[in-house]
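# Per-entry structural report
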Amino acid sequence: MTSNSPISMTSRWISLACALGVFALLYSLTNIYAQILFYDTQFYGTQLYGTQLSKLSSINPIWPKKVHILATPIDTAIPFVALMIVPYSWSIMLFCASFFMVKMPAQLSLLTRKLILATLFACFIFYVFPAKFTFERPTVLGWTHYGYQFLHITDKPFNQFPSLHVTYAVLLGTSLWQLSKSALYRLTLCCICSLIIISTVLTYQHHLLDIAGGLLLAALILVITNKLQNNLVLKYLTVAISGFLILSIAGFMLNRSMTSITFAGLYRLVATYWMLSFFVLAWAYQYPNQPRDKRWFAKDEQGRLLLSTWLKFAPLLLGYRLMWYVGQRYQLTQHTKSDFGSLNHTDRCPTHKIADSVYVVATPKLFGLSKMSDEHYSYFSNFAMIIVIDSAVETNSHSLSLKQALHTHHIYAQAQKLDAGHLDVSNLDVNHDSSLSCDFHPSFAAVQMRYLYFPLLDLQSLGEIDTQHFIHLFKQIDTLTALDIATNITKKKLPSKTILINFQCVMGLSRSVALHALYLIYRGQLTTDNYVTWINEQYPKAHVNDDYLPKSLVDKVRVLAKNA
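First, a word on what this report is: a plain description of the structure on this page. Computed from a predicted model, the values in this text were never measured in an experiment.

### Considerations on the overall build of the chain
- For the chain, the count of helices and strands is 19 helices and seven strands.
- Counting all 564 residues of the chain, 49% fall into the buried class.
- Counted over contacts in the chain with a minimum sequence separation of 6, partners at least 24 positions apart contribute 80%.
- Carbon and sulfur atoms form 63% of the exposed surface of the chain, whose accessible area is close to 26,600 Å².

### A word on the sheet that holds strand S7 (residues 498–504)
- Judged by pairing direction, the sheet is mixed, and its five strands sit side by side in the order S3-S4-S7-S5-S6 without closing on themselves. Every interior strand has two partners, whereas the edge strands, strand S3 (352–353) and strand S6 (448–456), have only one.
- Taken together, the seven bridges between strand S5 (residues 383–392) and S6 define a ladder with parallel strand orientation. Each residue of the ladder has a partner; that of isoleucine 387, found in S6, is arginine 450.

### Some points on the pairing of strand S4 (residues 358–363)
- The element S4 is largely enclosed, with a buried count of five among its six residues.
- Here S3 hands over to S4 after four residues, the two strands then running antiparallel side by side.
- Of the strand pairs in this sheet, S4 and S7 are connected by six bridges, and their pairing is parallel. Bridging from a neighbouring strand, valine 358 pairs with isoleucine 499 of S7.

### Quick word on the packing of helix H3 (residues 85–101) against helix H7 (residues 183–202)
- Where H3 meets H7, the axes come as close as 8 Å, and the angle between the chain directions of the two elements is 135°. Taken together, H3 and H7 sit at an angle that is classed as oblique. Where H3 crosses over H7, the handedness of that crossing is left-handed. Contacts between H3 and H7 involve Pro87, Tyr88, Trp90, Ser91, Leu94 and Met101 from the former and Tyr185, Ile192, Cys193, Leu195, Ile196, Ser199 and Thr200 from the latter.
- In the contact of H3 with H7, the residues fall into ten nonpolar, three polar and no charged.

### Observations regarding unusual backbone geometry
- With omega at 0°, the peptide bond leading from phenylalanine 161 into proline 162 counts as cis.
- Not every positive phi belongs to a glycine, and asparagine 159 is a case in point at roughly 50°.
- Along the chain, asparagine 159 turns up in the loop between helix H5 (144–154) and helix H6 (164–176).

### Some words on the pattern of salt bridges
- One pass over the full model with this rule turns up seven salt bridges.
- A salt bridge links glutamate 394 to arginine 511; the nearest nitrogen and oxygen atoms lie 3.1 Å apart. Linking glutamate 394 in the loop between S5 and helix H15 (399–419) with arginine 511 in helix H17 (residues 510–522), this pair joins segments that are 117 residues apart in sequence. Arginine 511 shares its class with glutamate 394; the two are buried.

### Some thoughts on the pairing of S5
- Burial analysis of S5 places ten of its ten residues in the buried class, which makes it a mostly covered element.
- Summarising the sheet, S5 and S7 pair through seven bridges and their orientation is parallel. Along S7, the bridge assignment pairs methionine 385 with isoleucine 499.

Procedures and definitions
Residues numbered from 1 in each chain as written. Predicted model: local features only at pLDDT ≥ 70, side-chain atom pairs only at ≥ 80, totals over all residues. Heavy atoms only, no water. Helix = DSSP H or I, 4+ residues; strand = E, 2+ residues; numbered from the N terminus. Buried < 20%, exposed > 50% of the residue type's maximum accessible area, 1.4 Å probe, protein only. Contact = heavy atoms within 4.5 Å. Areas by Shrake-Rupley, 256 points an atom, 1.4 Å probe, with all protein chains shown as cover. Pairing = 2+ DSSP bridges. Axes fitted to C-alpha atoms, helices over the stretch in contact; angles between N-to-C directions. Parallel < 35°, antiparallel > 145°, perpendicular 65-115°, else oblique. Left-handed = near helix turned anticlockwise from the far one by under 90°. Nonpolar A, V, L, I, M, F, W, Y, C, P; charged D, E, K, R; others polar. Salt bridge = Lys/Arg side-chain N within 4 Å of Asp/Glu carboxyl O.

Spelled out as structure tokens, the structure:
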């Protein structure tokens, strides 16, 4: 979807559902939490001694310990105006309507970012600084009574500071301002947003300090949203704050019956760990830096995630491991005709010859290597060297598993021959060093496994990566294959077998296919004119668009390759 293309109704509804869903979940949770905390402090606070005080401290030993009151002397002079329930109700109407008023995809994206960020920050403040409206609302008669009844059911007098009605009014007003230059339209928009803000105090729903907080939050959101690198940053900020609030409030609710200081500290620790882990991930997306990502998502020389990586990103890694496992199990059910459909990635992904003895293939992480069939064993063992380029930061590479599977399968095959009396034991020579030595089979040369780690965050645009990092990777590959970039001829005599370059990602093909295409562009076997067609023809299931693999990056790689 380009910036000037029309917005589909599906996109509008999805954006609205995301913004409204985050609001409904987090606002309700924090409102219930503040309400329970308030009544707990009221109940236990009547007798602050002995076991009562101990129980109160056990329920909530860490801040917040009370619900705040933010009324000022000026608030006492503000009248209650029953009719202001009407503009107060406009907030949710304008919230929903705005998603169908914006005209461009960029406007829809920016609107969604603003509203979700405002909800996240506000609800986080609601949790750490719970507040309650002070004054008793007068009895309301007439038709406006129904509006206040609905308000009493859906929005208790908590979640006060900052006022989300005020924040939303400012953000919606600024987002819709540019839709028309009509003076009447802009005057109407200003009046609607202003009345929404004023109604928050005249309906006795907020104090003046709440209004000030709402305005400050709106200003902060306006600054932040324009600096977000992409929607992936917003995604992981949402996961971080939402997870923290859900875990914290769920832990608080459970601890009300357990009253254990140990459990209270544990749930808060888990919630904080979750939030910090995803904050770090959001930071990685916001400020791309490949050398830093290689340290943060460190792996050993076999492609296995280090313990330090697990300690930093366990929630993310466990989530991806589960998704990968479920996804691969699903693929197994789609290939019932094959006894080993899990390895059919190598069948469905075409292998391309780039030199007299060098082939390239892009695959997801291979599944079910422990059950390698003779067919797949024959495929992989046809190569003297397999170079795995791992671009997945979220899971272990299949490099080590493939190496072990080849070794195990070969030993098993030779054992069967030995049992059948077809193999002379004196010829059996298994080498357990870094390569798979299977020299005892006349047609089987040593299969050497080589591993290169080129970390790419999931869905991160490759245009955000320094082009020099790609060139450095491709030079490493050329060094391992001993290829001359000018002639595509190996610089030294190779064994009778060939070399396989395997670009590997996780579940899909976006990262591996994009790297494959860039490598062929680097080698001059694809051009800036035909690489898109090549990707669509060779890897029709890969999701590689211009946003993910921008043409500007392709041009840079081609220019640098010529100067290499």
